[in-house]
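Below are the chains, spelled out letter by letter.
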Amino acid sequence: MTIKDLNPALVWNIFDQITKVPRPSKKEEKIREYLVNFAKEHGIEYKTDAIGNVAMFRPATKGYENAPRVILQGHMDMVCVANDGVEHDFDNDPIKTVIDGEWVRAEGTTLGADNGIGVAAGLAVMIDKDLVTGPVQALFTVDEETSMGGANNLGEGMIEGDILLNLDSEEDGEICMGCAGGVGTKATFEFTPTPAPANLKYIDILFKDFQGGHSGTDIDAERACVNKLIMRFIWNTMAKREVKLAYIKTGDKHNAIPVKAEAIIGVKPEDVDATIAELEAFTATIKNEYKHTEKDMKILSSIVDAPATVIDDCTTKRLVASVYTAPHGVYHMSKEIEGLVETSTNLATINMDGNKIYVDTLQRSSVESRKDEMAEIVEAHFTLAGASITHSDPYPGWAPNMESPILNVAIDVYKRLFGETPKTSALHAGLETGLFLINYPNLDMISFGPTLRGVHSPKEKMHIPAVAKFWTYLTSILETIAKK
């Protein structure tokens, strides 16, 4: 059995096609070509803009031409992360899907249901002849996962309507009507490569199989940040003996809690056994500290050949100390919505390139001033360590509108279909909705979707029964809008 055998067949067959199309952020050429060809094949009116967004238009069912136009919106790109040891070329290889009980997941990589399932549902609406709808537009944006560049540079005429249903939420039975804004902060350390001392032994230290997750929706789960953990070990080792840092790489994506980290350190030959023994003791400590969240974690070591160079001692100390002590996690909880994270920061990745080391972080908040404050705190922290700082283009949050007409329609439809009241909430993650409001301030918007777990990590999975509910719910909302 494959996902093409699941119901609703139309949605799952399109999702299956999407999983076979590579679509990393900023490399959406192949998925955009797929979408344009889909429109041509089915005789759907479409347009594209300069940045690569695609819009499609379904005419109203006869008799419903005067109904409000509804925009179904999702993003083309996906977060591309693979488990350590899994060989997968995200630029060329298809995602390998697996049915695992009531869930669909991928073999060792992210699934891309964020937001492939939203795109699949939008395309299914475009071609399902049995649906009764008013005029419907589907809008598929690029580069949501890195900079929201598609929504931020939306071409003229790419939005034609008054109601927008964002299909990028991840919890069945929940309607999202607000989200956090965000900004990225990058700290850059310049170092002097120095010849690696030949009298040292070099140890490769690998932290792997940590849970990781979405840097917004999972930031309050108190999962381990491997960046801080590996620096914690190196810092304590430096306090006891001479240590040279030759290599450091952690994390994969700026918007994901990291799942792995690797460093190469040099110590004197007589200190090798003690260092490895301390690492084993440290492993036991971390397993105890995170016994509820990091059950699969591994910390490994091996002796490797001497590298050509190491990082100079001054930069090593500044880098290790600053990453170890850097802010990470929840900073403020909302006082307006119980259980909602208001402000957070994610210590995401560390990468080396030439004589530079880059530390990438991401700040989120539903309060604009606190988003700025969080970025300033991270900037100040790394400035004290001698790093230079840059910020990505910020994106705004989306303030909840409890008087939203489409929100009331969606609540009524859910109660009628499923016999219970859906939860309404705001999301501590970035949606493109806030950017749309800048140029289309009168849009009436909500966001919803099927249940996903572990997004932005190789643990990503999608609940099969929730997809059927999602489709029924979406099509019923469209029919209700048309008939009203």
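Procedures and definitions
- Residues numbered from 1 in each chain as written.
- Predicted model: local features only at pLDDT ≥ 70, side-chain atom pairs only at ≥ 80, totals over all residues.
- Heavy atoms only, no water.
- Helix = DSSP H or I, 4+ residues; strand = E, 2+ residues; numbered from the N terminus.
- Rg over C-alpha atoms; globule rule 2.2 N^0.38 Å.
- Buried < 20%, exposed > 50% of the residue type's maximum accessible area, 1.4 Å probe, protein only.
- Contact = heavy atoms within 4.5 Å.
- Areas by Shrake-Rupley, 256 points an atom, 1.4 Å probe, with all protein chains shown as cover.
- Salt bridge = Lys/Arg side-chain N within 4 Å of Asp/Glu carboxyl O.
- Phe/Tyr/Trp six-rings, centres within 6.5 Å; stacked < 30°, edge-to-face > 60°.
- Lys NZ or Arg CZ within 6 Å of the ring centre and 35° of its normal.
- Expected span 1.5 Å × (residues − 1).
- Axes fitted to C-alpha atoms, helices over the stretch in contact; angles between N-to-C directions.
- Parallel < 35°, antiparallel > 145°, perpendicular 65-115°, else oblique.
- Left-handed = near helix turned anticlockwise from the far one by under 90°.
- Core = buried A, V, L, I, M, F, W, Y, C linked by side-chain atoms within 4.5 Å.

**Student:** Is there a simple way to explain the overall build of the protein chain in this structure?
**Tutor:** Per the secondary structure count, the protein chain includes eleven helices and 25 strands. Its C-alpha atoms give the protein chain a radius of gyration of 24 Å, within 12% of the compact-globule value 23 Å for 484 residues. Dimensions of the protein chain, computed from the C-alpha atoms along their principal axes, are close to 85 × 50 × 45 Å. A burial count over the protein chain gives 57% of its 484 residues as buried. Counting contacts in the protein chain only where the partners sit at least 6 residues apart, residues at least 24 apart contribute 79% of the total. About 19800 Å² of surface is accessible on the protein chain, with carbon and sulfur atoms providing 48% of the total.

**Student:** How do you make sense of the pattern of salt bridges when you look at a structure like this?
**Tutor:** Where charged atoms from two side chains of opposite charge approach closely, those side chains can pair. Enumeration over the complete set of coordinates arrives at 20 salt bridges. Measuring nitrogen to oxygen at the nearest pair gives 2.7 Å for the salt bridge that ties Glu 479 to Lys 483. In this pair, Glu 479 and Lys 483 both sit in helix H11 (residues 464-483), four residues apart, roughly one turn of the helix. Using a relative accessible area of 30% as the deciding quantity, one classes Glu 479 as partly exposed. Judged by relative accessible area, Lys 483 falls into the partly exposed class, the value being 49%.

**Student:** So what exactly am I meant to see when it comes to the packing of aromatic side chains here?
**Tutor:** Two descriptors summarise a pair of aromatic rings, namely the distance from one centre to the other and the angle between the planes of the rings. Taken as a whole and assessed by the stated rule, the structure comprises eleven aromatic pairs. Both rings, one in Phe 189 and one in Phe 382, keep their centres 6.3 Å apart while their planes meet at 80°; by these two values the pair is edge-to-face. Of this pair, Phe 189 sits in strand S9 (residues 181-190) while Phe 382 sits in helix H8 (residues 368-384), and the two are 193 residues apart along the sequence. For the pair formed by Phe 189 and Phe 382, the shared burial category is buried. These aromatic residues form a ring-pair network of at least three members: Tyr 414, Phe 418, Phe 448, Phe 470 and Tyr 473. Positioned over the ring face of Trp 103 is Lys 461, at 4.5 Å from the centre of the ring. Over the aromatic face of Phe 418 sits the side chain of Lys 469, whose NZ or CZ is 4.6 Å from the ring centroid.

**Student:** Even after reading the chapter, I still don't get helix H5 (residues 226-238), so can you show me in this structure?
**Tutor:** Helical geometry: 3.6 residues make up each α-helical turn, so side chains three or four residues apart lie on a common side. Helix length check: H5, at 13 residues, gives a terminal C-alpha distance of 18 Å against a target of 18 Å (1.5 Å per residue), a fit within 8%. Taken together, the buried positions of H5 are occupied by Val 226, Asn 227, Leu 229, Ile 230, Met 231, Arg 232, Phe 233, Ile 234 and Thr 237. Tucked into the core, H5 has its buried residues touching strand S11 (201-208), strand S13 (244-250), strand S15 (261-267), helix H6 (272-289), helix H7 (313-325) and strand S19 (341-353).

**Student:** For this particular structure, what's the right way to read the packing of H5 against H7?
**Tutor:** Their axes nearest at 8 Å, the elements H5 and H7 cross at an angle of 130°. Taken together, the axes of H5 and H7 are oblique relative to one another. Where H5 crosses over H7, the handedness of that crossing is left-handed. Where H5 abuts H7, its residues Asn 227, Lys 228, Met 231, Arg 232, Ile 234, Trp 235, Asn 236 and Met 238 lie against Thr 316, Lys 317, Leu 319, Val 320, Ala 321, Val 323, Tyr 324 and Thr 325.

**Student:** Would you mind going over the nonpolar core with me for this structure?
**Tutor:** Nonpolar side chains in soluble globular proteins generally cluster together in the buried interior. If you look at the biggest cluster of nonpolar residues, it comprises 68 residues, and the most contacted ones within it are Met 56, Leu 123, Leu 165 and Leu 474. With ten residues, the top contributor of residues to this core is helix H3 (residues 113-127). Counting residues in hydrophobic clusters, the runner-up holds 43 residues, among them Ile 203, Ile 230, Met 231 and Val 272.

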